Amino acid sequence: MEREAATSPTENGPETDAAALRRHPALFRAIRRRKNPRLRRSDITVTDEAAVKRAVKAASLGNAMEWFDFGIYAYLAGTIGRVFFPSGSDTAQLLSSFATFAVAFLVRPIGGMVFGPMGDRIGRKKVLALTMILMAIGTAAIGFIPSYDAIGFWSPLLLILFRLLQGFSTGGEYGGASTFIAEYAPDKRRGFFGSFLELGTLAGYTGAAGLVTALTAGLGSDTMDAWGWRIPFLVAAPLGVVGIYLRLRLDDTPAFLKLEDSNVHISEAATAVETTARGDLAKIFRTHWRPLVLCIALVGAYNITDYMLLSYMPTYLSDELDYSESHGLLILVATMVLLMLIINQVGRLSDHFGRRPVLMTGMIGFFVLSAPAFLLVQEGSLLAVSGGMLMLGLSLVCLLGTMSAALPAMFPTNVRYGSLSVGYNLSASLFGGTTPLVITALISVTGSDMMPAYYSMAAALVGVVAVACMKETAQKPLAGSPPSVGTEEEAAELVEAQAPTPKF
């Protein structure tokens, strides 16, 4: 029995025999040191702020280009319905347009499963450049498709084909861009730098909405239906070239490069994680299914509220409340500009107070404020509509400013891009891209203009539960990566903090 007690502590960890500890103190100290070795200076990544800023700029501007391309389609939904689908009721055309919008989301999980593991295998930078190229091609091609009146059935078929290409490329975008920034940023400022990714998203949407609004006001609805709708899609091609150039100029992330060189030396557990076969989808689902489910729940709640406000709201204002298309877009643009002004401060708050409190604030905000916000919007006056959208926007910015730092931290380095791409895009496919279609259908079936509020509240309730279940990751190293700090002084303090206390 004594032999078993003496040997079992090496297997059972903290459940050790006190007598065995007294007999073999040196042995157990050695075991503890091996399982949790002290940090060495070479273990710690000291970030170059100029390199971090270049990485953030490239990822964020590339993300802005991606969502400019996607936003164009959402804001031209009514026009696209008239151009590409046979004449019928306005509701049928709108549903057809939103169904084609949702089609792109059906292939996003496939894109995530292809590009995510590829990014874990060959590097983040190359895959992000490839997704940018495919998105630019798909978006520009839509601008050249003849209308339904010109070629009939082939017109919507080509539209669906290029929407599928857009969706496939987007499957590798968010997971890669958020991973790229998270792995470049120092641990204590990951929320701040990560918030620039969603600043890019808002900038892309704002640029798309602003361009569509200007064209609609300048050309008029008839000219927009005839050929004006093509201009925003064709503009995407040169913007895509800029994004590709910026991304190809960067080095890959320090975390990925250290993983490649097998130089990470944090703990035995971390080493075991690092040596897992990268890009193995089966292992992602088998080994990381818990954070994957949590990621899907968080992203589902976030995407429903995001697409409800940023993609669907102009259509809601014009179709349900008889606003002009340009009037609704202008209010949305003003709301998004305000969110852009404060989103980086939300990222700072998440670094200071933690990801969970800020995310919970946003989820509870949507649950509590969605119904009052839509009641205000239905009042119809400029002040009431602006106030309702502002209430929703302030709730959304709590999610936008925090999610891009919170999600990458849920997975270890060697499967981060793949796991996040799979989880994010599965959820976005099921809940995000279908949001305009589902809400339009619910309003049509029930006749209630409050369905967007109820749908948003249900999503927020799921989000509250998901945030309550997640771990706090603010100011902590990414799983499977060494600590990342901003200065040599911080690195020295980390090493000194683990130095043994002298005995006198």
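Residues numbered from 1 in each chain as written. Predicted model: local features only at pLDDT ≥ 70, side-chain atom pairs only at ≥ 80, totals over all residues. Heavy atoms only, no water.

**Student:** Mind showing me how you'd approach the overall build of the chain here?
**Tutor:** Within the chain one finds 25 helices and 2 strands. Looking at the chain residue by residue over its 504 residues, the buried ones come to 54%. Sequence separation of at least 24 residues holds for 84% of the intrachain contacts in the chain that already meet a minimum separation of 6. Summing over all exposed atoms, the chain offers an accessible surface of approximately 20,600 Å²; the carbon and sulfur share of this is 64%. (Helix = DSSP H or I, 4+ residues; strand = E, 2+ residues; numbered from the N terminus. Buried < 20%, exposed > 50% of the residue type's maximum accessible area, 1.4 Å probe, protein only. Contact = heavy atoms within 4.5 Å. Areas by Shrake-Rupley, 256 points an atom, 1.4 Å probe, with all protein chains shown as cover.)

**Student:** Would you mind showing me how to read empty space enclosed by the protein here?
**Tutor:** Under the counting rule described, the total for this entry stands at 3 cavities of 30 Å³ or more. Its volume calculated, the largest cavity comes out at about 80 Å³. Lining the largest cavity are 13 residues, and of these Glu 183, Ala 255, Ser 481, Pro 482 and Ser 484 sit closest to its centre. When contributions to the lining of the largest cavity are tallied by element, the ones reaching two or more residues are helix H12 (173-184) and helix H15 (254-261). By residue class, the composition of the lining of the largest cavity is 6 nonpolar, 4 polar and 3 charged. For the second largest cavity, the full set of lining residues is Trp 67, Tyr 174, Glu 198, Thr 201, Tyr 205, Tyr 302, Asp 306, Tyr 307 and Tyr 424. Contributing elements (two or more residues each) for the lining of the second largest cavity: helix H13 (190-228) and helix H18 (289-320). Residues belonging to the lining of the second largest cavity are distributed by class as follows: 6 nonpolar, 1 polar and 2 charged. (1 Å grid on protein atoms, 1.4 Å probe; cavity = no way out; pocket = protein on both sides within 12 Å on 5 of 7 lines; lining within 4 Å. Points joined across faces, edges and corners; volume = space filled by probe spheres on them. Nonpolar A, V, L, I, M, F, W, Y, C, P; charged D, E, K, R; others polar.)

**Student:** Is there a simple way to think about the nonpolar core in this case?
**Tutor:** Where a protein is soluble and globular, its nonpolar side chains tend to be buried together. The biggest cluster of nonpolar side chains holds 116 residues, and the ones touching the most others in it are Tyr 75, Leu 298, Leu 310, Met 313, Met 389, Met 403 and Leu 407. Top contributing element to this core by residue count: H18, with 15 residues. Not counting residues within four places of it along the chain, the set of residues in contact with Leu 407 comprises Tyr 174, Cys 295, Leu 298, Val 299, Leu 420 and Tyr 424. (Core = buried A, V, L, I, M, F, W, Y, C linked by side-chain atoms within 4.5 Å.)

**Student:** What exactly am I supposed to notice about the packing of H18 against helix H23 (residues 435-446) here?
**Tutor:** Two packed helices can be described by the angle between their axes and the distance between those axes. Orientation of H18 relative to H23, taken along the N-to-C sense of each, is 50°, at an axis distance of 9 Å. Compared by their axis directions, H18 and H23 come out oblique. The two elements H18 and H23 meet at a crossing, and its hand is right-handed. Contacts from Asn 303, Ile 304, Tyr 307, Met 308, Tyr 312, Tyr 316 and Glu 320 of H18 reach H23 at Thr 435, Pro 436, Ile 439, Thr 440 and Ile 443. Its residues assigned to classes, the contact of H18 with H23 comprises 8 nonpolar, 3 polar and 1 charged. (Axes fitted to C-alpha atoms, helices over the stretch in contact; angles between N-to-C directions. Parallel < 35°, antiparallel > 145°, perpendicular 65-115°, else oblique. Left-handed = near helix turned anticlockwise from the far one by under 90°.)

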